[in-house]
Structure formats: structure tokens, C-alpha cells
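# Report on the structure
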Amino acid sequence: MLIDNYNAVRARIDAACERVGRDKSEVKLIAVSKTKPAEMIRELYEAGVRDFGENKVQELCEKADLLHEVCPEIRFHQIGTLQRNKVKYLMRPEVTAIHSVDSLKLAQEIEKEAGKKGVETVPVLLEINIGGEESKGGCRPDEAVGLAQAFCELKHLSLIGLMCVAPATDNPETVRPYFRRMRELRAEVQAFQPYCRELSMGMSGDFETAVEEGATLVRVGSSIFGERDYGKI
Ligand SMILES: *Cc1c(COP(=O)(O)O)cnc(C)c1O
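If you're wondering where the values come from, they're calculated on a predicted model, not measured in any experiment. (Residues numbered from 1 in each chain as written. Predicted model: local features only at pLDDT ≥ 70, side-chain atom pairs only at ≥ 80, totals over all residues. Heavy atoms only, no water.)

## Things to note about the overall build of the protein chain
- Counting its secondary structure elements, the protein chain contains eight helices and eight strands.
- Taking 233 residues into account, the globule formula puts the C-alpha radius of gyration at 17 Å, and the protein chain, at 17 Å, falls close to it.
- Here the C-alpha coordinates of the protein chain stretch approximately 45 × 40 × 35 Å along the principal axes.
- Split into buried and exposed, the 233 residues of the protein chain put 50% on the buried side.
- Per element, the accessible surface of the protein chain, about 11200 Å² overall, is 47% carbon and sulfur.
- Of the side-chain charges in the protein chain, 33 are positive and 38 negative, and the distance between the mean point of each set is 2 Å. (Helix = DSSP H or I, 4+ residues; strand = E, 2+ residues; numbered from the N terminus. Rg over C-alpha atoms; globule rule 2.2 N^0.38 Å. Buried < 20%, exposed > 50% of the residue type's maximum accessible area, 1.4 Å probe, protein only. Areas by Shrake-Rupley, 256 points an atom, 1.4 Å probe, with all protein chains shown as cover. Lys, Arg positive; Asp, Glu negative; His and termini not counted. Charge placed at Lys NZ, Arg CZ, Asp CG, Glu CD.)

As C-alpha cells, this is what we get:
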């Protein structure tokens, strides 16, 4: 059963909290359902899970259309690279936060669409390319504070946190310094934006380390849903 996998991940998060003396209620687990069918989301929803992550706007919207009536309290998190021309599709009540905002242009597009659609505030996280990898989205770490300041000028955006995807590794100890750096950057942003409380970091391969270093939103896919088969979509 999927809920057993979910509960096993949750138990590992709770144990990581305990190791470092954190309150486990500070950490939310987001079930990353990308490439997986709506029925699997519904199965977890019926077992009490509310937060799901998707990385493609079209897929998120298709699933939200299918599920919003049967799963009225569902919350989708947009976690993948976002193109400006797709922003308008995310202005819907099932979308609880956009984690992958990494440029002022994208933030301005969200501001514009929110204004048009009468959405008062859109919770967003600033994505940081913490490992400085060519292939990854996110702003440079040295741009983060300036961008966060600029986001705070936009009245329909609420900067609730920072997000990263750490470099892939077999040994999560190698990415611990990146998670630490994220926490330091959050402290710099909190100096002028106290509501920037979230740290969205940690995936199947590294979430316990992320939690030990302060993650508040953990995005786990394959450890809950099994490996993804990209050949089928
Ligand atoms: C796919 C994805 C995840 C989850 O990855 P797993 O390794 O399957 O847990 C987390 N965050 C982002 C941005 C993703 O695209």
C-alpha cells in the first residue's frame, strides 16, 4: 500500500527531527506524484495525505481537474521549472504554492496574472541553484538576497521560503554543506522578510540530511510511489 511507503518516509523524517532536537510538526512531507496516475494520488488522499508535488504545469492541471471534486482539500505544489507562458494556468485554488520561482521576470509574470485573475496573494519560494550546476534551474546563490528583495516589492507575491534541488549524490553527507548554505541564506532574507520561513529541500536520496539541516518542506517522490517510468508518458 502506498500509505505504508508514505508512513515509512514520515517515520524517517520524524527520526531525523529527533536526532537534532527539532519539533516534527515543523516539517511537512510533500508527496511528489509526477508521472504517476491520479488514482494513486486519490489513494493517498483517502488515507489522509493532502500535499502533492508536480513538476509540469499541464500534468498538475489535468490531475487537479480530475481530482478537485473527489479530493476537495487537495493542495498541489508546483515544484518544477516554470515557463512564463504557463503561469496563468497555476492561478487556481488547488495550487497552494509555487516553489520554482527563480527570476524577477517570472515573479513579475505571476504578479501580473494574479492581478488579472483577482488572486490576492500567491505563495512562492525562490529557487536557488545551490550547487551551481549548469543543468539546473534556480538563481545563483549570490543573487538570492537581491532577488528576494525584489520579490517583496510585488504586492500579489508572498515570499514564503527558499527552495533547492541539491546535486545528485550517493552519499548525502556531500550535500550537507549546501543545505546549510540554504539555511544561512534564509536567515539573510528573514532580516527583511520575516515570513520567509520555509526551506523546501530534500528528496528521496537526501531528505534526512535536509531535515537535519532545517528543511520544512520535503519533496519525496520515488520512495513513496516507486521508480518513475518516463517511457510511458
Ligand atoms: C522529482 C522531484 C522530486 C522528488 O524526487 P525523488 O528523488 O523521486 O524523491 C523533488 N523535487 C523536484 C523538484 C522534483 O522534480
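## Section: helix 4 (residues 104-117)
- Over its 14 residues, helix 4 extends 20 Å from the first C-alpha to the last, a length consistent with the 20 Å expected when each residue adds 1.5 Å.
- Those residues of helix 4 lying buried are Leu106, Ala107, Glu109, Ile110, Glu111, Glu113 and Ala114.
- In this structure, the buried side of helix 4 is in contact with strand 4 (95-101), strand 5 (122-127), helix 5 (144-152) and strand 6 (157-163).
- The first or second residue beyond helix 4 is glycine 118, which carries a positive phi of 70 degrees. (Expected span 1.5 Å × (residues − 1). Contact = heavy atoms within 4.5 Å.)

## Digging into the packing of helix 2 (residues 38-46) against helix 3 (residues 57-67)
- Two numbers describe how helix 2 lies on helix 3: the axes approach to 10 Å, and their chain directions differ by 55 degrees. When the interaxial angle is binned, helix 2 and helix 3 end up oblique. Viewed along their axes, helix 2 and helix 3 form a crossing whose handedness is right-handed. Residues Ala38, Ile41 and Arg42 of helix 2 lie in contact with helix 3, whose contacting residues are Lys63, Leu66 and Leu67.
- Across the contact of helix 2 with helix 3, the residue classes break down as four nonpolar, no polar and two charged. (Axes fitted to C-alpha atoms, helices over the stretch in contact; angles between N-to-C directions. Parallel < 35°, antiparallel > 145°, perpendicular 65-115°, else oblique. Left-handed = near helix turned anticlockwise from the far one by under 90°. Nonpolar A, V, L, I, M, F, W, Y, C, P; charged D, E, K, R; others polar.)

## Side note on the packing of aromatic side chains
- Under the criterion given, the structure shown has one aromatic pair.
- Between phenylalanine 52 and phenylalanine 76, the aromatic rings sit 6.5 Å apart at their centres with planes inclined by 50 degrees, giving tilted as the arrangement. One end of the pair, phenylalanine 52, is in strand 2 (residues 51-54); the other, phenylalanine 76, is in strand 3 (residues 75-78), and 24 residues separate them in sequence.
- Residue classification places phenylalanine 52 among the buried positions, given a relative accessible area of 0%.
- A residue is classified by how much of its surface remains accessible, and phenylalanine 76, at 0% relative accessible area, is buried. (Phe/Tyr/Trp six-rings, centres within 6.5 Å; stacked < 30°, edge-to-face > 60°.)

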